[in-house]
Each structure stands twice: as C-alpha cells, then as structure tokens.
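So the chains spell out like this:
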Amino acid sequence: MSVSSIPVRGEVLAPGQAGYDEARRIWKGVDRRPSRIVRCADTSDLRSLVDYAARRQLPLAIAGAGHDIAARSMPDDAIVASTAALTRVEIDTERRLAVVAPGAQWGQLAAAAARYGLATTGASVATVGVAGFALHGGLGWLMRGFGPACDNLRELEVITADGMLRRVSGDSEPDLYWAMRGAGSNFGAVTALTLQLYPISRVTAGMMLYPGDVAPAVLDAYRTITAAAGDELVTHFYYNGSPDGTHSTGIGLCYTGDPADLAAILAPLAPLGRPVHDSVRDMGVGELQAVHDSSTPRGARYHLRAHYLPDLDDSVCATVLDRCRTVTAPFTQVFVEHMGGAVARQPLADSAFAGRHAGYSFLVINGWDTPAEDADRIAWTRGFGDAVRPHAAHGAYVNYLDYDEDHRIPGAFGAGYPRLRALKRRYDPDNMFRFNRNIPPEDDHAAH
Ligand SMILES: Cc1cc2nc3c(=O)[nH]c(=O)nc-3n(C[C@H](O)[C@H](O)[C@H](O)COP(=O)(O)OP(=O)(O)OC[C@H]3O[C@@H](n4cnc5c(N)ncnc54)[C@H](O)[C@@H]3O)c2cc1C
C-alpha cells in the first residue's frame, strides 16, 4: 500500500514517519502498530476510507478519542481512521439538541451545552469520546434521571460498509437505529451524533473520601442511601489504591435536586465523621466530567473486570471488601455504580443496549506502570472478577469488557444478539467493522 494511494485530504501516517508515534498513543498503555493512521480532515475522508478499505477488503478501524478499555480502536497492522480532529459540537437551543462530530470528547460537549444551561448523561471523565461511549450504552452522572447516553441519541449519520451515508433515526432506518444504540460500532462509521439535552445548569456533585479501613461502613451507608435514592441522585461506591500505597474509600455523587435536601439524604454517612477529602459542592454542570479526571492517567497499563449486580446483599459486599483489602497497584479503582431509575424504565426491546436489569454495576480498573508487573496485576484483576461473578446478574456492559473477554460478548448483547447478527449480515456481511466487541454476521445456515 503506498501512502499516496489513499484518497484523503488528511495526513496519512506510516510507521517511522513523524507524528505516527503520537497518533498511535491512546488511553491504555499498549504498543500497537497499525499499517497506516489516517488523520481524517473531514467526514468525507471517513467515507473515502470506508470505500477504499471495502474495495480492497482491508481491515479498517475507527478511532475516536481512544478510550476503548480493550484498545480495540488501535489494532496492529490495520488502517486506522482517526477522527480525533473532528470535534465540532453544535447546540440547537430551541430543540435542546447537540449535534456532535465523531471525534468530540465528553468535556467538549458538556462545556458547549453548559453555556446554554443544558446537559445530558455523560462519562465521568472529560476525555472519553462521545461516540464510543454513546454507541455502546453510556453510563454516567445523570443516567438515573435521563437514561444512559444511548437513550438520548435522536439521530445518527452513518457510513455503512456499502459506502452509503445513512441518516438513522426512529423514522428512518428503524432497524439500524435500534442496533446503533448499544452495538453501534459494529454497523458503520458514524459521522455525526445528535443527542437530546435537558435544562440543567447546576448540580451538587463531588467525592467524599475516607481512609480505606472504613470501607465496610461506607459500603453499608451506600446501600442505605441507594435504597432510598430518587432519580435525581446518582452515586457510586468507590475504593482506590494510590501511588503512595495508601487506600481510600468513599462515595461519588451527583444530585440534581434541591441542595438543601442533601444533608438528610447523606445522613447514613454521618457516623463516619468528617471525610478526609470532601469535594462535594454546587458546580456548573460542565464541570461534572472533571470529577474523576486525574485518577486514571493516560498511558498507564490497565486491566479491567466488570459485572452487573442484581443488588448489594451481604455476601457480595463481603466479597468486594475482601478483595479491596488486597489492592497493591498504584492506579486501582473499584466502583459500584447505582443503576436503575430511567435506565431501567426504557423497554428492553427499544434498543440494543441490554443493561437495564441491573441494580448496580461493579467495575475494577487495575492500573500500574511497568510491563514486568503485567502477569501478576492481570491475574489479580481476573481473580477479583471471578470472585464477584457468582453474585452477578446476567450479561455485562459492552464498554467494560477487556481484551480477554470475547466469550462474554454474546451475553453482553443479551436477548437482542440474534437480531444483531441478522442485521450485521444485512449491513456488514464481510465484517469490515470488526475492531470492537464484535458481532459476527449471521451465517447462511441460520439465515434460511
Ligand atoms: C478513563 C475512562 C473513563 C471512562 N468512564 C466511563 C463512564 O463514566 N461511563 C461509561 O459508560 N464508560 C466509561 N468509559 C468507557 C468508555 O465509554 C468506552 O471505552 C468508550 O468506547 C470510549 O469511547 P472513545 O470514543 O473514547 O474510544 P475509541 O477507542 O476511540 O473507540 C471505542 C470503540 O468505538 C468505536 N468507534 C469510535 N468512534 C467511532 C465512530 N465514529 N464510528 C464507529 N465506531 C466508532 C471504535 O472503533 C471502538 O470500537 C471510560 C473509559 C475510560 C478509559
């Protein structure tokens, strides 16, 4: 493949060329070497690349903000279409919509919407890409009030494997609209996403942290708080290890109700005394995405495990706490996120997102610096996941599956998986869009 033969306006980077190493750097500290990285200058570059790859049957990956936790958007040997430069966000204040280019990050969307007193469900970290987040679910601070991000996708522009640019919404291409909201990256290259916004300008949010050894009391209080929580309260239990070896635990929260009510809601934490760190305060909604920004540094080595939990009974709490005590890596974080509310209310059949049944979502992110630690750290993470598994609900959140969990992909798409395979056969029979939690096209036998 000669660099000049790829028909795009943007820069085409080959191994060894200036800029190539910077362009292949993503959130996860992996050493991937694509055959080419194309910095798309506009969405017509993306269309040209789909056409180019389809004609030659070449593997094509789409990389947005590069926060895939399995690093699938930056594969070895494939052509990578990078949308990182395409970050435009337009706000339609009348219809309360955001029209977002494919490389935009959550912080950019949040800031643009906040200027007009608007917001929608977003990721906990500003640099996460809107596309990868919203196309596969999107669990965030406002989800109990407004659903996961995929529920707020009103329209998408998608280039499918046949080269067609399609406008996908409830009225146009309803099958694709169903599939794109939960399994999006399997069906095409998205060139624009339109998301519903809501009139929220200020929230009360932040973290309350305590020393690690009071984690049992914090988790117990968290259970009580979440059992009584209304839709305006989104919380997670949190435990983390840090580079200096200290452990801390606490609760992260975002409250859209009357701030005067919050003290009573958080009363179960009162017996613990003053937190060692308390960042809970009234803030502009555009600041929400920064609450966790510094805790998972870009370029570190990571391994993750996640499960949906039906509830938080004594046995799952004891299991999580036992494993938390064994944290030794410097960037380890354990989350138990409260789901339910609007996430659970949308009918399961309305979209391909299959995570509506869970009471909570468990996630451990284990992070460290040196390759020499890989084997032990990965074994520890797997052990944590295995210990929680007997307490888990069925399925898994697609975005939280790591590279060694392909066997969990069908379960993650749940009851919709056969329909997704049939649609994959219709829209991407050669599985061009495969650098994701991949859904193989339904085979001939099954189709007849
Ligand atoms: C630090 C951190 C914090 C996170 N916080 C949250 C959180 O709060 N809630 C949550 O639900 N998830 C969270 N996640 C998970 C995150 O939502 C997913 O990893 C998401 O896929 C990242 O999207 P991206 O665009 O940044 O990633 P990328 O690596 O660029 O892409 C992810 C996947 O989407 C595909 N893709 C990207 N752009 C397009 C496009 N235009 N068209 C088609 N396919 C495309 C890629 O090919 C790849 O398969 C977090 C991840 C990290 C690393």
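Placed above this text is the structure.
Described below are features of the structure shown in this document.

Definitions and limits used
Residues numbered from 1 in each chain as written. Predicted model: local features only at pLDDT ≥ 70, side-chain atom pairs only at ≥ 80, totals over all residues. Heavy atoms only, no water. Near = heavy atom within 4 Å. Polar contact = N/O pair within 3.5 Å; in protein donor to acceptor, adjacent residues only side chain to side chain. Areas by Shrake-Rupley, 256 points an atom, 1.4 Å probe, with all protein chains shown as cover. Helix = DSSP H or I, 4+ residues; strand = E, 2+ residues; numbered from the N terminus. Nonpolar A, V, L, I, M, F, W, Y, C, P; charged D, E, K, R; others polar. Core = buried A, V, L, I, M, F, W, Y, C linked by side-chain atoms within 4.5 Å. Buried < 20%, exposed > 50% of the residue type's maximum accessible area, 1.4 Å probe, protein only. Pairing = 2+ DSSP bridges. Salt bridge = Lys/Arg side-chain N within 4 Å of Asp/Glu carboxyl O.

1. Some points on the site of the ligand
Neighbouring residues of the ligand: 32 residues in total, closest Ile62, Gly64, Ser73, Leu139 and Tyr397. Within the side chain of Ser73, one N or O atom sits 2.6 Å away from an oxygen atom of the ligand. In the environment of the ligand, an oxygen atom lies 2.8 Å from a nitrogen or oxygen atom belonging to the backbone of Gly129. Look at the ligand: alone it shows 960 Å² of surface, and the protein chains cover 96% of it. When contributions to the shell around the ligand are tallied by element, the ones reaching two or more residues are strand 3 (60-63), helix 4 (130-135) and strand 9 (189-196). Per-element accounting of the shell around the ligand gives the leading share, 3 residues, to helix 4. Of the residues contributing to the shell around the ligand, the split by class is 17 nonpolar, 14 polar and 1 charged.

2. Details of the nonpolar core
Counting 46 residues, the largest nonpolar core has Leu156, Met180, Phe187 and Leu420 as its most contacted members. Of the residues forming this core, the biggest block, 6 residues, is contributed by helix 6 (residues 174-183). Listed in part, the 34 residues of the second largest apolar core include Leu253, Leu269, Leu309 and Trp380.

3. A word on the pairing of strand 4 (residues 79-82)
Alternating positions in strand 4 separate into two faces, Ile79 and Ala81 on one and Val80 and Ser82 on the other, with burial throughout. Two strands pair when backbone bridges link them, and strand 2 (residues 36-39) and strand 4 are joined in this way by 4 bridges, in the parallel orientation. Looking at the pairing, Arg36 lines up with Ile79 of strand 4. The pairing of strand 3 with strand 4 spans 4 bridges and is parallel. Its bridge partner being in strand 4, Ile62 is matched across the sheet by Ala81.

4. Section: the pattern of salt bridges
Per the counting criterion, the structure on display carries 32 salt bridges. With a shortest N-O distance of 2.7 Å, Arg426 and Asp175 are connected by a salt bridge. Here Arg426 is found in helix 13 (residues 417-427), whereas its partner Asp175 is found in helix 6, with 251 residues between them in sequence. Its salt-bridge partner being Asp374, residue Arg301 comes within 2.8 Å of it at the nearest N-O pair. Placement of the pair is Arg301 in strand 15 (residues 301-309) and Asp374 in helix 11 (residues 374-388), with a sequence separation of 73 residues. Judged by relative accessible area, Arg301 falls into the partly exposed class, the value being 21%. Through salt bridges with shared partners, one network takes in Arg305, Arg382, Asp404, Glu405 and Arg408.

5. Some remarks on unusual backbone geometry
One non-glycine residue, Gln57, lies in positive phi territory at about 50°. Residue position: Gln57 is located in the loop between helix 2 (43-56) and strand 3. Of note, the phi angle at Glu173 is positive, near 60°, even though the residue is not glycine. As for its position among the elements, Glu173 is in the loop between strand 8 (165-169) and helix 6. Using a relative accessible area of 23% as the deciding quantity, one classes Glu173 as partly exposed.

Taken by themselves, the reported measurements are silent on function.
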